[in-house]
Amino acid sequence: MLLLLQLSILLLLLLALGFIGVPLWMWLIYGAIALFTFQPPIWLWSIYAAIGLTLTIPQIRRPVLTKPIMKVIRVPKISDTERAAINAGTVWIEGEFFSGAPDFERMNQAAYPEVTAELQAFLDEQVEQVCRMATDWEIHRHKDLPVEVWQYLKQERFFGMMIPVEYGGLGFSNFAYSTAMAKLASRSFIHTATVGVTNSLGPAKLLLNYGTPEQKEYYLPRLASGEEIPCFALTEPTAGSDAASITAKGIVFRGEDGQLMVRLNFRKRYITLGAIATLIGLAFKLSDPDNLLGKGEEVGITCILIPSNTEGMILGKRHDPMGVPFYNSPVEGQDVVVSIDQIIGGVEQAGQGWKMLMQTLAAGRGISFPASCTGVAKLVARVTGAYAKVRQQFGSSIGRFEGIEEPLARIGGLTYLLDAARIYTVGAVDAGERPAVVSAIAKYQFTETTRKLVNDGMDILGGSGICRGSRNLLANFYIAMPIPITVEGSNILTRTLMIFGQGVIRCHPYLYAEVMAIEAGDAIAFDQVLWKHIGSITRNKFRTLLLSLSRGYLAIVPGNKFTKRYYQKLAWSSAMFAFLTDLLLIGFGGSLKRHEKITGRLADWLSWMYLSVATLRRFAAEGYNPDDLIFVQWAMDYSFAQMQQALEGILVNLPIPSIARSILLSLVRVNPLGTLPTDTLGSQVAKALQTNGEKRNHLTAHIYIPTHPDEALGRLEQAFKLCEQAEAVLNKMKGASRAGQLPQGKTETLVEAALKTGVITEAEAGLIRSAEVARLDAIQVDAFTIEEYQGNRVQMPHFSTILAQK
C-alpha cells in the first residue's frame, strides 16, 4: 500500500513537472528522489551520477552528446534570398503558438486602435464623396474611374494617405489607411486597386523606408499630390512566385560626362498602374563589370526609380484581368539609361533590393488586401441580410429557410472575425511590429475567406446576383476575387511556403538558431539551444497529454465567463500544434517544407489560432458587447472546427503504420478541439443580419451605404426597412386569419378586407402597400436592348474575318 502511494505521488509529481516545464536540474532532483524511493544498489547511483554530470556540464555534454547529434542532423542550405525573406520583419504573437504555452496576457495587451474624430470626418466627407461620385457599374461600363474622380483623389491627397504631412501627405496611421480602404472597397474594387499601390507597396513606401533625403524631398510631395502616378515593376514572364529569379538587368557604366549611369533592359508584366504611371519603381539585377561602385561585379537585386518619359521606356498597353477595369499593364524597357542616383537609397542601397522588398512586404501584405476584403465582406453581409428579408418565395422571406440561414451565418460570423483580425494586425504594425508571418496569414485568409463569402452572397441572391447592371451589387466583386487571391504572393504559395514553411524557421523559439549553428559548425551555439529545445519538446508532450485529457480545463488562462473557455482550448491547441510541429521536424528534417500538403495544413492550423485570438481581442477591447456575442461564439466555434480539420488532415497522411494512424485519429475524433457551430447559433446570426438594428449596423460599420432609392443599395435598404416595419402588421393580419376574422389568402388580397373589418388602420394599410412596392422594385434586375448590350461590350472582329485575314 505504501509503495502504491509512493508511485502515485511520483506519477503526479512527474506530470506536474512536465506540464510546468522545469529546468534540467529539477528533473535530476526528481530522478534522485525516484531512485531513493526504490533504494537501488550503489552502482546504479553511480550510473545516475555520471548521466547527471554529462547532461549538466557543457564541457562534457558537448563532445559526448551534442557533437554526435549535430553530425547526424542534415539541414537544407538556406539561400541568400530565402534568408532575406525569413529575416524580414519581426516575430510577433505568432511565435507564442510555436512555444506551446502562449502568453495570452501579452496578446491581450497588444494595441487595438479606434476610429478618431479626425478619421471619422475623413470617412464621412472625403471618402463618402469619392464613393458618391461614381457607382461600381458606371466604373466598369466606362472601364476607368471618371476624370472627376481622378481629380478628386489627387486633390484630397488619397494617393498620399500614408505619406507624412511634412511631405504633403495626410500622415495616416496604418489603421486609418486600412479603415478608409475598407470603405472604398465597399463601393468598388477599382478604388482600392488604384489607391493601394500608391500607399502600400509602391515607390512611396520604399522611399519612406530607404530613400535618401534628396529623393524624399523631391518625390514624396509629388507622389502625395498625384503629380506623379507611381507603379512598381517586379513580376516577369519567367519570375512570378519565384520573384528572386528576375532577369531584368542593369549595368553600371561611366557616361561621357564622367557621371555613373545604369543601362537597363527589362520586361515586366502584371504591373498595377503601369500604363499610366509617370514614375516606375523597378526591381532588377545590377551588374558592375568594372567595379565602379566598389561592391563587386555582381551587386545583386536593386530597386531604382525611372521617369516614364525616359528614352527606351515602353508603356501604354494594359492587361485585362477578369474584365476588371483597373490599370494593370506590361512595362518594358530597352537600353534605358538613368543616373546611379536614381537607385532608391542611393549607391549605399545597391544590391539591397530584395531585402528592401521583403522588409516592406513583411507588413504590407497585412494591410491593403485585408482592408479591401473586410470592406467587401461587410458589404456582402449588408446586402444578403437585406435581400434575404425582402425576397419572398413560397409566401415567406427566403431568410427564414434554413438553407439560406446557413450561408448567412457564415457571412455574419466570418465578417466579424475578419474585421477583428484587420484591426488587430494593423494595430501591431502601427506599434512598430513588422509581422511577416501574420501578414502572410492575413493576406491568405482574408482573400480566401472573402471569396467564400462572396460566393455565399451570390448563392443567396440567385438570379439577382448573376444579372449584371446598375442594380447588381455583388457580381463585379465575384468576378474580381481571383485578383487579390493571385497578387502579392499567390495564395497557394503563401499557404504552403510562407506561413509555415518559412514561418516555422522564423517563429520557432529554437529552430533558426539551431540551423545557423549547424551551418556555421558552431557546436557551442548549437549546444546552447539544443537542450532548451529538448526541454520544450518534453514540456509540450506533457501539456498535450494533460490538456487533451482535461479538454483544456487545466490551462491557466485569462478571460471572463464568455471567453475563458476559448482561451483554454487555444492553450490546448497550441500545445498540440507545437508538439506535433517538433515531431514532424524530427521525422522529416529539412525535407518538411517540401511536403507542402502537410505544411499547408499546419499553416491553416496556425492561421485559425491567430484569427481566434484576434476575435477574442476585439470582443474584449469593445467592452464585451452583448450584441456581438453570437458573432464571437460562431466565429470561435468555426475556428476550432478548422483547427480540428487541419489536425485530422495531418494525422491521416503521416507516414506511420496504419494501426497507429487509426488509433491517433480515433483519439482526436473522440476528443476533438471543436466542431462546427450549431444550427441554433447559426440561426441567431442569420436573424441578426436580417434585423435592422445595432447588431447589423455595428457589424457593417464604416462602409458606404447610400440612402437614395435610385442607388441599388439605397433601394434595397429602403425596402428592407419598410418590410421589417410592415412585418408586425402582417403578423396581426395572419393572427386575424387564424382567428376567423379574415379569410385565408395572400397578403395583397387581404389588405382591403383587414381595413374594412378594423383589423388594421389606414396608416398600417399604407405601410403594407409601400413595403410591397419597395420590395418588388428592389428585386428587379437590369435588362438591356440588343443595341444597349452590344454598346457595352468590346467589339471584336468575327472569327471568320480573322481567318480570312490570315
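In case you missed it, the structure is sitting above this.
What you see is a predicted model, and the numbers here were worked out from it, not measured in a lab.

1. Side note on the pattern of salt bridges
Taken as a whole, this structure holds 27 salt bridges when the rule is applied. Between K249 and E298 there is a salt bridge, with the nearest N and O atoms lying 3.6 Å from each other. Taken together, the residues span a long stretch of sequence, with K249 in strand β2 (residues 249–254) and E298 in strand β5 (residues 298–307) at a distance of 49 residues. Its relative accessible area of 55% is what places E298 among the exposed residues. Among the salt bridges present, the one from R451 reaches E448, with a minimum N-O distance of 3.0 Å. Note that R451 and E448 are positioned in helix α18 (residues 436–461) at a spacing of three residues, about one turn of the helix. We classify R451 as partly exposed; its relative accessible area is 29%. Salt bridges sharing partners connect three or more residues here, namely K378, D419, R422, R618 and E622.

2. Digging into a nonpolar patch on the surface
A grouping of I659, I663, L664 and L667 is seen on the molecular surface, where their side chains present a nonpolar patch of about 400 Å² in accessible area. Within the fold, L667 resides in helix α28 (residues 658–670). In this structure L667 comes out as exposed when scored by relative accessible area, which is 55%.

3. Looking at the environment of R594
Turning to its location among the elements, R594 is positioned in the loop between α25 (564–588) and α26 (596–621). A C-alpha to C-alpha distance of 36 Å links R594 and Y327, two positions 267 residues apart in sequence.

4. Concerning the packing of helix α5 (residues 80–87) against helix α22 (residues 491–507)
Running from N to C, α5 and α22 point in directions that differ by 65°, and their axes come no closer than 9 Å. With respect to α22, the element α5 is oriented roughly perpendicular. Of the two elements, α5 crosses α22, and the hand of that crossing is right-handed. Where α5 abuts α22, its residues E82, A85, I86 and N87 lie against Q502, I505 and R506. Residues of the contact of α5 with α22, tallied by class, amount to three nonpolar, two polar and two charged.

5. Observations regarding unusual backbone geometry
Glycine aside, a negative phi is what most residues show, and trans is what most peptide bonds show. One non-glycine residue with positive phi stands out, namely K143, at about 60°. Its location among the elements puts K143 in the loop between α9 (136–142) and α10 (147–155). According to the relative accessible area criterion, K143 is partly exposed, its value standing at 38%. For H702, which is not glycine, the phi dihedral falls at a positive 65°.

Rules and cut-offs
- Residues numbered from 1 in each chain as written.
- Predicted model: local features only at pLDDT ≥ 70, side-chain atom pairs only at ≥ 80, totals over all residues.
- Heavy atoms only, no water.
- Salt bridge = Lys/Arg side-chain N within 4 Å of Asp/Glu carboxyl O.
- Helix = DSSP H or I, 4+ residues; strand = E, 2+ residues; numbered from the N terminus.
- Buried < 20%, exposed > 50% of the residue type's maximum accessible area, 1.4 Å probe, protein only.
- Patch = residues over 30% accessible without salt bridge, like charges linked within 9 Å, V, L, I, M, F, W, Y side chains within 5 Å.
- Areas by Shrake-Rupley, 256 points an atom, 1.4 Å probe, with all protein chains shown as cover.
- Axes fitted to C-alpha atoms, helices over the stretch in contact; angles between N-to-C directions.
- Parallel < 35°, antiparallel > 145°, perpendicular 65-115°, else oblique.
- Left-handed = near helix turned anticlockwise from the far one by under 90°.
- Contact = heavy atoms within 4.5 Å.
- Nonpolar A, V, L, I, M, F, W, Y, C, P; charged D, E, K, R; others polar.

Distances and angles like these do not, on their own, reveal function.
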